[in-house]
Amino acid sequence: MDEFLATFETFFNNAVFYYALFVMGSYVALALLSAVEMNGYMKKNSYVSYREILVSPLAPPVSILAPAYNEEATIVENIRSLLSLHYGNYEVVIINDGSKDNTFQKMFDFYHLERVDFAVDYQIPCNEIRGVYKSKLPSFAKLTVVDKVNGGKSDALNAGINVSSKGLILCIDVDCIVQEDAILKLAKPYLEEKHMVIATGGVVRIANSCKVEDGKLVEVNMPRNIWPRFQVLEYIRAFLMGRMAWSRLNGLLIISGAMGLFDKRTVIEVGGYDHSTVGEDMELVVRMRRYMHEQDRRYAVVYIPDPLCWTEAPADLQILGRQRNRWTRGTIETLLKHKDLFFNPRYGILGMLSYPYWLFFEWLAPIIEFLGLSIFIILAVTGHINWEFSSILICMVYFFSVALSTVAVLFEEMSYQQYTKGKDLVKLLIAAFLEPLLYHPLTVYWAIKGNIHKFTGKNTWGVMTRKGFSNTKTSELTDQTTT
Amino acid sequence: MNFLEGLINYIAETYTDRLNYFPSNVKTSLLIILFCVIATLEMYIYITFRRLSQANEKRQLDKWNEHVSNMLANLIIFDEADKTEDIVAHFYPKMKKWPLRNKVLNKVLISEILTYHKSFTGQIGEVLSILYRKLGLDKKSKKKINSRNWEVKIEGIREANEMRISEMAAEIIKYTDDENALLRMESQAAYINLSENNPFHFLDRAQERILDWHQVVLFEIITKNKALKIPSFSQWLRSPNDTVVMLCLKLVEHFMQFEAAEEVERLLKHHNPRIVKKSVEIIGKLELASAETSMFEIYFDQPEDVKLEILNSLGKISSGSYENFLMSRIYSGNVKIKKEALYAIKRDQHQGEEKLRELYQQTTVENQALINHVLDSRIKP
């Protein structure tokens, strides 16, 4: 038995070592690719004047689709913010997804809505639309409100797609703070890429503790609460490093559900958002990409590093856990639904690189990590651990993680430098040291829980209530998220 | 303290005496740790120095911004009765005393003069142009245009464009068909403004694509520049470069160039569906009844978006010749086609809405809902 355990220990040590090397190698490769892409983007766009597209009649028309469910506290402000975006040719479609509170009534009263004789063309399936409303006031002519039977976010977006009238659709979370020039920047790739662009996405940033005035972000601050602060670091790493690199490879699998601009015709051709998954944003992009491959059409999914959308991150561990649990289930559902992509050369980068990466590093990594930790504990209890080697291995992973996060902070510094205050920068760098010890173990735990829930059939969306910005003219997003 | 000393000694020994005796995986791990620690420290140092240098640059920028802004503000409030030469003679010696070799000052000065030049025309614009030349900034712009680096070239082209240094058009024309799309666009935009005799000459030689984005920019420049002599864009509608044709079609539409009618109708048979669609749109906008038959002839072979555009244009022309055709389309299996046909019928200013109300009595429930939709003026098509 001892001999077996000793052999197993050697095998285990080597397995952990080589797996860690593999993961770290892939992160370094992504960081390098991202640096190249970012540098190219920054150079190219430092000469761009967005003024032209803003006023031009040639700017591509865009429909903003924002589902709203029980948003009575902030809906009026949110719509006002959307109606004041800088773009010449757009409409705002708010979909009231059977809210149980006064969301619809608030919109109805404030925006002077009246029902119109809208004949809905159900090009993609969605629950019954009870009515389509327009404002009586010409100043709100851009606004359309859809009132429908509750069916979830995907269903609401599908209803919005059926009602929208423009060629590009911007799907957003209604409570996000959208930068005024967001549409301009997202629409630009549609006008300049060689191949057909089917989707564009931008960086989502954390708005906790930031100052908001009239629905617009006026001052960027580092969150006071430690958990959103870790998420700031996590988002910078994921968006500026990970997604930029995948964009470079034209291998992006996800456009954040908080904000993404899509080619409407392609979305309709693939059947719209899938109602059966909680990871509808990723699933849609994967389905659109595979459809384009199957049609033998050249295409691009483009990612923009500009901070275009600010969202309130969960500050409460319970809510954060639910969110991560849902993200994990969404990833699993998408990967299982499209399992035939796995190392399938027919789908190019999508099948040979993006899909396997997501499988090994997004889905399986926390499981492998958890299994590794469990075996480590068993070996430690039975006295079959080489403590020196294990400590060195743990240190390697830790310092690599700190270095990677510092690279992410460097990317942020060299690109948009949103955190201008020195103390905010220091907080971010300290978070890089603490994150692997405090935050990462929790994300692994939530991912494991997500796996268990997925395979035991607990597939709920989960309550995800946000505090939001108050109705006062100037407010600061608090770190308190309520259930 | 003993623990810390012990730890330091352990690390020192590990990386010196013991390193060679470790198995390869431990050795690799140790080297990775060392690399990560050094890299992290270096990044910290770099970030710190970068912030300090930014703060220093900002201080300098603020200082020179204040000087330059004050000077230019005085310039614009100068008495209008004064001669241009007198104003220049007053300000030039003062500006000349500035250390113009200072990069920060140079950057601020060029940027401010460009901004003021954009905002003021007439005598102030003239004074600024003269000062720009007298201070030798035009030579610097020319030098930039001939630089090897495309970013510097663009900077120089923008400066020349903004200051309207027309003699630089000859230098810029060579970049209007450059492989670098950004440089190409900037050059085309500048060439239109700077060339005195033939601002659209670049269209004759354009082999590279004029991207949709660039078309937006060029369209804005061409349509907003009141001083520009607008040619008949039909002369480029036979260009082998589809993007040139597309840009010219947009301009034909904007300037309502009826003389291009024949060429536009010919483009209905173009191989590029985007050009066909745009031609159909122009035919509708110019209400070219003579092209109705040609549109009808191609209708059934077109993709959906071109079909919709043809219906839209037939509605805009509303000659009555294709009323039966439009009526027949409302029994199509495609809701978009039905809706567009109904809108086309409605566009007949005299009887459109009346016809739809009549039709309402005789048609299917689905079509009735669509007619209600089309008749509701609050819903934009």
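Whatever comes next refers back to the structure up there.
Residues numbered from 1 in each chain as written. Chains lettered and ligands numbered in written order. Predicted model: local features only at pLDDT ≥ 70, side-chain atom pairs only at ≥ 80, totals over all residues.

1. Regarding the overall build of chain A
Here's step 1: Assigned secondary structure in chain A consists of 14 helices and 13 strands.
Here's step 2: Relative to a compact globule of 483 residues, whose C-alpha radius of gyration would be 23 Å, chain A shows 23 Å and is just as compact.
Here's step 3: C-alpha atoms of chain A, sized along the principal axes, occupy 80 × 50 × 50 Å.
Here's step 4: Pairs at least 24 residues apart make up 80% of the contacts formed inside chain A by residues separated by at least 6 positions. (Helix = DSSP H or I, 4+ residues; strand = E, 2+ residues; numbered from the N terminus. Rg over C-alpha atoms; globule rule 2.2 N^0.38 Å. Contact = placed C-beta atoms within 7 Å.)

2. Points about the sheet that holds strand 11 (residues 259–263) of chain A
All names here are of chain A.
Here's step 1: The 10 strands lie next to each other as 3-4-5-2-1-6-11-8-12-7, forming an open sheet whose pairing is mixed. With partners counted over all chains shown, the strands left at the sheet margins are strand 3 (113–116) and strand 7 (177–178), one partner each.
Here's step 2: Two strands pair when backbone bridges link them, and strand 1 (residues 62–68) and strand 2 (residues 90–97) are joined in this way by 7 bridges, in the parallel orientation. Pairing of Leu 65 across the sheet is with Val 93, part of strand 2. (Pairing = 2+ DSSP bridges.)

3. With respect to the packing of helix 2 (residues 24–76) of chain B against helix 4 (residues 103–119) of chain B
Residue and element names in this part refer to chain B.
Here's step 1: Two elements in contact, helix 2 and helix 4, have axes whose closest approach is 9 Å; the angle formed by their N-to-C orientations is 40°. The orientation of helix 2 relative to helix 4 falls into the category oblique. As for the relative orientation of helix 2 and helix 4, their crossing is right-handed in sense. Across the interface between the two elements, Glu 57, Gln 60, Leu 61, Trp 64, Asn 65, Val 68, Ser 69, Leu 72 and Ile 76 from helix 2 touch Val 104, Leu 105, Val 108, Leu 109, Glu 112 and Tyr 116 from helix 4.
Here's step 2: Residues belonging to the contact of helix 2 with helix 4 are distributed by class as follows: 10 nonpolar, 3 polar and 2 charged. (Axes fitted to C-alpha atoms, helices over the stretch in contact; angles between N-to-C directions. Parallel < 35°, antiparallel > 145°, perpendicular 65-115°, else oblique. Left-handed = near helix turned anticlockwise from the far one by under 90°. Nonpolar A, V, L, I, M, F, W, Y, C, P; charged D, E, K, R; others polar.)

4. Examining the environment of Met71(B)
Residues and elements named next belong to chain B.
Here's step 1: Here Met 71 is to be found in helix 2.
Here's step 2: Along the chain, Met 71 and Phe 91 lie 20 residues apart, while their C-alpha atoms are 8.0 Å from each other.
Here's step 3: Met 71 has contacts with Phe 91, Lys 94 and Met 95, leaving out every residue within four places of it along the chain.

5. A short note on the environment of Tyr299(B)
Residue and element names in this part refer to chain B.
Here's step 1: Assignment of secondary structure puts Tyr 299 in helix 15 (residues 292–299).
Here's step 2: Residue classification places Tyr 299 among the partly exposed residues on the basis of 17 C-beta atoms within 10 Å.
Here's step 3: Measuring from C-alpha to C-alpha, the distance between Tyr 299 and Leu 311 comes to 8.9 Å, with 12 residues separating the pair along the chain.
Here's step 4: When near neighbours in sequence (up to four residues on either side) are disregarded, Tyr 299 contacts Lys 307 and Ile 310. (Buried ≥ 20, exposed ≤ 12 C-beta atoms within 10 Å, placed from the backbone.)

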